[in-house]
Amino acid sequence: MEPTFASLDELRDHVSGCRRCPLCEGRAHVVFGSGSPQARVLVVGEAPGRNEDAQGEPFVGAAGRRLETYLQIAGLSRDQVFIANVLKCRPPDNRNPRVEEIAQCAPYLREQTRLIDPEVIVTLGNFATHFVLKTDRGISELHGRLIRAGRFSVLPMFHPAAGLYDQRKRPLIEQDFATLGRFLRRGACDAPEDGRLGDALAGIGEEATAPALRAGATGGSRAPAADVSAPPADFDPVAYVNEPRWRAASLGLDRMRALLDRLGNPQRRVRCVHVAGTNGKGSTCAYIESALRCAGYRTGLFTSPYVIRFEERIRVCGDDIGSDDLRDVTWRIHQHAEAMEAEGLGHPTEFELMFAIAMAHFADQGCDIAVIEVGLGGRLDATNALDASEVCVITPVSLDHTDWLGTTLPQIASEKAGIIKPGCPVVCGPQTPEAHEVIEGAAAKAGVAVRTPAMDALSFGSVAPDGLRPFTYGGRPFRTRLLGRYQPGNAAVAIEALEVLRERGWNVSERQVRQGIEQASWPGRFEVLPAAEGRPAVVVDGGHNVQGARALAASLTELFGMRSCVLVMSVLADKDYPAMVDAVLPAARACVCVTADSPRALDAADLAACVRERAAACERPVEVSTASGFEEALRHAGEMAGPQGAVCVFGSLYSLAAAYRALAVLGVTRA
């Protein structure tokens, strides 16, 4: 049976204002409505499907044909879509229409909501999005993000014409239409409320007589929300995630994508910055998130591993996920994970569970943007289930996790570069020539540009009396409370990433970048703790590979001089610990070895033997001992260092929590 279409003339008769609009003078079919009154989707855009020969007709011309192709991605046919061309009716002099002229289109759009009952409104391009949502936020920021605004669910998208002149936009448009399809299958009740937009659509829908969209409505073909029971009183989310059965690493994206799909793809509701690399990932993430938060955005931050407490891996606006939120979202994911295992798909791993919890929490909390740190590698890491991010960042690459990622720098760089996707610009930190060549090649294949910090424009001095390190980048002054000698370089990478975000429409001023860099904190990365009276200075550093050990030695030598520190060292057995020892020995006068709190730990006695052997080989007199735990090790190290010396805890991120607890017992706490 042929669908019943509303007559264009009939619709115009309802809206006499359009006939008097000065923008229509001398033009035919400039404003039109076409489609079925039973349409599931109302598309509002700047002449979608228009061309000079058939103005006012949908699905003609290059952009129109492209629109029909995109609708097929969403599983929609023509009769399920109503197209309203109500914007950018340009005057003869081709100037942009004035606000009061565009406002005359509002009654016409209200008429569309009266004649049809759309499950979702799609806005194509900046004009349509600004008009419908009454916001100054650009399409680059909002595209693909389902927004509950007033009584409607709105999905902003790039205009199909954008994909004609910019091929990088095509995969983003396709992803957005795929999001539309998934949304329609799950139901409009899943659209998140955008508190700042609030009732922005009221001016369009205030006179509508159709029921339109209500939170929780499941009319027509909309799927009801999943029935997720409340967690039982004895459910422990941390114990569940850390269950030994799924703690083993298992690279691949199938399970991760399946889990996210069951959750309604929360990662599509939050724009992301994706950060890979070997060293400096965490600090770079901290800098970027801090600046975005200073700019007023609601931020998410996902990092690993945790240093002090489990909840710190997932943060919103600088605050760890709350215990109640962690419990609720983990229980929701637990039910889906158990179902996957029962269906033979395999239970998600510990890291996959954590990433799913993070993305679900960020979506629940209405984050504008989240900074996501890769767990292992990049190409097959669970975080690579993200679609094209706002920017991909690759920090310096070195040899690490060679059992998983390869034994050469080009192999490891290739794995890291696996996060690069079409439409996603890349910021690449300082690399060896062979690693940089691989990353450049991956970016060229994806059709995206690579931005590299100008390290010759970076200079820094000593730590100032106020405990901050000043530096200049590109002639601009900055300060950081992260005191490692390598931190200005990490900050430069973050500054370039923030510049890319600014170019993509994110409103982050120069002042907010400086403020974010200065306020960023990151535990366990050359963290100098306030010295207790009569006690040596204490540095806590999570460096756990050769490059990290070299950077640590340079920072210790700068602050305390050669051979001035007593090391408290613990390492994992699968690291290149002999090379780490070689790198840090120039800064050490003694070393106390401890067994790290990990099944992968190297025994303290074996580490001590290695330190003695490497010290003898380079003829360095280093006193070496072992301790049964960190409290014993730190007491002994403090006695050897004396009030004027320094103690440095180093070698493994997994040891830092125990080290902080022992330091607290000894009266040394974080500021």
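Everything discussed here concerns the structure shown above.
Residues numbered from 1 in each chain as written. Predicted model: local features only at pLDDT ≥ 70, side-chain atom pairs only at ≥ 80, totals over all residues. Heavy atoms only, no water.

S.K.: Help me understand the overall build of the protein chain, please; the structure alone is not making it clear to me.
M.R.: In terms of helices and strands, the protein chain carries 25 helices and 23 strands. Contacts spanning at least 24 positions in sequence make up 76% of the contacts within the protein chain whose residues lie at least 6 apart. Accessible surface for the protein chain amounts to roughly 26,300 Å². Of this, 48% is attributable to carbon and sulfur atoms. (Helix = DSSP H or I, 4+ residues; strand = E, 2+ residues; numbered from the N terminus. Contact = heavy atoms within 4.5 Å. Areas by Shrake-Rupley, 256 points an atom, 1.4 Å probe, with all protein chains shown as cover.)

S.K.: How do you make sense of the sheet that holds strand S21 (residues 588-593) when you look at a structure like this?
M.R.: Strand order in this open sheet of six strands is S18-S19-S23-S20-S21-S22, and the pairing throughout is mixed. Since the sheet does not close on itself, it has two edges, and those belong to strand S18 (527-529) and strand S22 (623-626), each with one partner. Strand-to-strand, the axes of this sheet are offset by a mean angle of 20 degrees, without reference to chain direction. By the bridge criterion, three bridges tie S18 to strand S19 (residues 537-540) in an arrangement that is antiparallel. If you follow Val528 over to S19, its bridge partner there is Val539. Lying on the sheet, helix H21 (residues 546-560) is in contact with S18, S19, strand S20 (565-569) and strand S23 (646-650); it crosses S23 at an angle near 165 degrees. Helix H25 (residues 656-665) rests against S18, S19 and S23 of the sheet, and its axis sits at about 160 degrees to S19. (Pairing = 2+ DSSP bridges. Axes fitted to C-alpha atoms, helices over the stretch in contact; angles between N-to-C directions.)

S.K.: How do you make sense of the pattern of salt bridges when you look at a structure like this?
M.R.: Oppositely charged side chains can pair when the atoms bearing their charge come close. Scanning the entire structure with this criterion turns up 27 salt bridges. The salt bridge involving Asp320 is made with Arg315; its shortest N-O contact spans 3.2 Å. Classification of Arg315 as buried rests on a relative accessible area of 15%. Asp574 serves as the salt-bridge partner of Arg600, at 3.0 Å between the closest nitrogen and oxygen. Taken together, the positions of Arg600 in the loop between S21 and helix H23 (604-617) and Asp574 in the loop between S20 and helix H22 (577-584) put the pair 26 residues apart, joining distant regions of the chain. Look at Arg600 and you get partly exposed, because its relative accessible area is 33%. A network of salt bridges, in which partner residues are shared, links Arg476, Glu499, Arg502, Glu510 and Arg514. (Salt bridge = Lys/Arg side-chain N within 4 Å of Asp/Glu carboxyl O. Buried < 20%, exposed > 50% of the residue type's maximum accessible area, 1.4 Å probe, protein only.)

S.K.: Is there a simple way to explain the environment of Val391 in this structure?
M.R.: Tracing the backbone through its elements, the reader meets Val391 in strand S12 (residues 391-394). Here Val391 falls in the buried class, since its relative accessible area comes to 0%. C-alpha of Val391 to C-alpha of Gly423: the two residues are 32 residues apart in sequence and 9.0 Å apart in space.

S.K.: Just checking my understanding: could you explain the side chain of Ser304 for this structure?
M.R.: Secondary-structure assignment places Ser304 in the loop between strand S8 (299-302) and strand S9 (314-316). Ignoring anything within four residues of it in the chain, the contact list for Ser304 reads Arg313, Phe351, Glu373 and Gly375.

S.K.: Help me understand the packing of H21 against H22 in this model?
M.R.: Packed helix pairs are specified by the crossing angle of their axes together with the interaxial distance, meaning the distance between the axes. In the contact formed by H21 and H22, the axes pass within 8 Å of each other and the chain directions differ by 15 degrees. Taken together, H21 and H22 sit at an angle that is classed as roughly parallel. As for the relative orientation of H21 and H22, their crossing is right-handed in sense. Contacts between H21 and H22 involve Val546, Ala549, Arg550, Leu552 and Ala553 from the first element and Ala579, Met580, Ala583 and Val584 from the second. (Parallel < 35°, antiparallel > 145°, perpendicular 65-115°, else oblique. Left-handed = near helix turned anticlockwise from the far one by under 90°.)

S.K.: Would you take a moment to explain the sheet that holds strand S15 (residues 458-460) for this structure?
M.R.: Sheet strands associate in pairs through backbone hydrogen bonding, adopting either a parallel or an antiparallel arrangement. Taken in spatial order, the three strands of this open sheet run S15-S16-S17, and their pairing is antiparallel. This sheet does not close on itself; its edge strands, each paired only once, are S15 and strand S17 (476-480). When strand polarity is set aside, the average angle formed by the axes of neighbouring strands in this sheet is 25 degrees. In the sheet, S15 pairs with strand S16 (residues 469-473) via three bridges, with the strands oriented antiparallel. Paired with Phe460 across the strands is Phe471, a residue of S16. Together, S15, S16 and S17 form the strand contacts of helix H19 (residues 487-503), whose direction differs from that of S16 by roughly 45 degrees.

S.K.: It is not clear to me how the environment of Val649 should be interpreted in this structure. Could you clarify?
M.R.: You can see Val649 is positioned in strand S23. When the C-alpha positions of Val649 and Val592 are compared, they lie 9.5 Å apart, and in sequence the two are 57 residues distant. The residues contacting Val649, other than those within four sequence positions of it, are Val539, Val540, Asp541, Val568, Phe630, Leu634, Leu656 and Ala659.

S.K.: Looking at this structure, I do not really get H25. What am I missing?
M.R.: For an α-helix, the turn length of 3.6 residues means that residues three or four places apart are oriented alike. In terms of burial, H25 is largely enclosed, as seven of its ten residues are buried. When we look at burial in H25, the residues that qualify are Leu656, Ala657, Ala658, Ala659, Tyr660, Ala662 and Leu663. Buried-residue contacts for H25 involve S18, S19, helix H24 (630-641) and S23. Looking one or two places after H25, you find Gly667, whose phi comes out positive at around 90 degrees.

S.K.: Help me out: how do you make sense of the pairing of S8 in this one?
M.R.: Here is the key point about a regular strand: its side chains alternate between the two faces of the sheet. Every second residue of S8 is oriented toward a common face, with Thr299 and Leu301 on one face and Gly300 and Phe302 on the other, all of them buried. Across four bridges, the pairing between S8 and strand S11 (residues 369-373) is parallel. From the neighbouring strand, Phe302 faces S11, where its bridge partner is Ile372.

S.K.: Hey, could you run me through the environment of Ala370 in this one?
M.R.: Assignment of secondary structure puts Ala370 in strand S11. Contact partners of Ala370, with chain neighbours within four places excluded, come to Val270, Arg271, Cys272, Val273, Gly300 and Phe362.

S.K.: Teacher, can you tell me more about the pairing of S20 here?
M.R.: Burial analysis of S20 places five of its five residues in the buried class, the great majority of the element. Residues Cys565, Leu567 and Met569 of S20 are buried on one face, and the alternating residues Val566 and Val568, pointing to the opposite face, are buried as well. Relative to S21, S20 runs parallel, the two being bridged by five bridges. Bridge pairing in S21 links Val568 to Val592. Taking the sense of rotation as the criterion, the β-α-β connection linking S20, H22 and S21 turns out right-handed. The sheet contact formed by S20 and S23 spans five bridges and is parallel. Within S23, the position partnered with Leu567 by the bridge is Cys648. (Right-handed = clockwise from strand over helix to strand, strands pointing away.)

These figures come from the coordinates and say nothing about function on their own.
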